[in-house]
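# Close look at the chain arrangement
What follows is each chain in one-letter form.
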Amino acid sequence: MRESRSFLTVSVAVVLAGTLIGSLLSGDARTAIVSAGLVVLVTQLPLHFLLRGWRERNDRFMAAIVAGFFVRIAVLAAAVVVFVVPGRVAGAPFLLALGGFMVGILIADATLESRRLRSRSTKAAEVSAS
């Protein structure tokens, strides 16, 4: 459960940091950045938890990566159609923020997963050494 809370905390922190930095911009850009942050949190957090079980199994690891990639592409396309095309938000700040938040959360996810796997292998090595 600790890994889930860590991912949730880091993801929200990434979006909050980006939103705080974006608060220095004009009203339209600020709205676009907040919207992008909400889109990323609403889509990427459930995606992480849905694919977590697949990532833990060797036979489904690549399927989890591919599924995550295609879902992220679908989110980008849907966000463009729902937010940018009708002019609800400024296009450039929204897309930059959306991409930045997604990449930031992906890096956080990979870092936390790597740390979890490394601690698991260290514990296994300690148990086999005893």
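All of these numbers come straight from a predicted model, not from anything done at the bench.

### With respect to the packing of helix α2 (residues 27-55) against helix α3 (residues 61-84)
- In contact at an axis separation of 10 Å, α2 and α3 are set at 165° when each is read in the N-to-C sense. As the angle between them shows, α2 and α3 are arranged roughly antiparallel. Taken as a pair, α2 and α3 cross one another with a handedness that is right-handed. Of α3, the residues touching α2 (which contributes Val39, Thr43, Gln44, Leu47, Leu51, Trp54 and Arg55) are Phe61, Ala63, Ala64, Ala67, Gly68, Val71, Arg72, Val75, Ala79 and Phe83.
- Its residues assigned to classes, the contact of α2 with α3 shows twelve nonpolar, three polar and two charged.

### Re the packing of aromatic side chains
- Enumeration over the complete set of coordinates arrives at three aromatic pairs.
- Seen from their ring centres, Phe69 and Phe70 are 5.4 Å apart, and the 70° between their planes marks the pair as edge-to-face.
- For Phe70, a relative accessible area of 54% gives the class exposed.
- Seen in terms of ring centroids, Phe83 and Phe94 are 5.3 Å apart; in terms of plane orientation they differ by 40°. Their pairing is tilted.

Criteria and thresholds
- Residues numbered from 1 in each chain as written.
- Predicted model: local features only at pLDDT ≥ 70, side-chain atom pairs only at ≥ 80, totals over all residues.
- Heavy atoms only, no water.
- Axes fitted to C-alpha atoms, helices over the stretch in contact; angles between N-to-C directions.
- Helix = DSSP H or I, 4+ residues; strand = E, 2+ residues; numbered from the N terminus.
- Parallel < 35°, antiparallel > 145°, perpendicular 65-115°, else oblique.
- Left-handed = near helix turned anticlockwise from the far one by under 90°.
- Contact = heavy atoms within 4.5 Å.
- Nonpolar A, V, L, I, M, F, W, Y, C, P; charged D, E, K, R; others polar.
- Phe/Tyr/Trp six-rings, centres within 6.5 Å; stacked < 30°, edge-to-face > 60°.
- Buried < 20%, exposed > 50% of the residue type's maximum accessible area, 1.4 Å probe, protein only.

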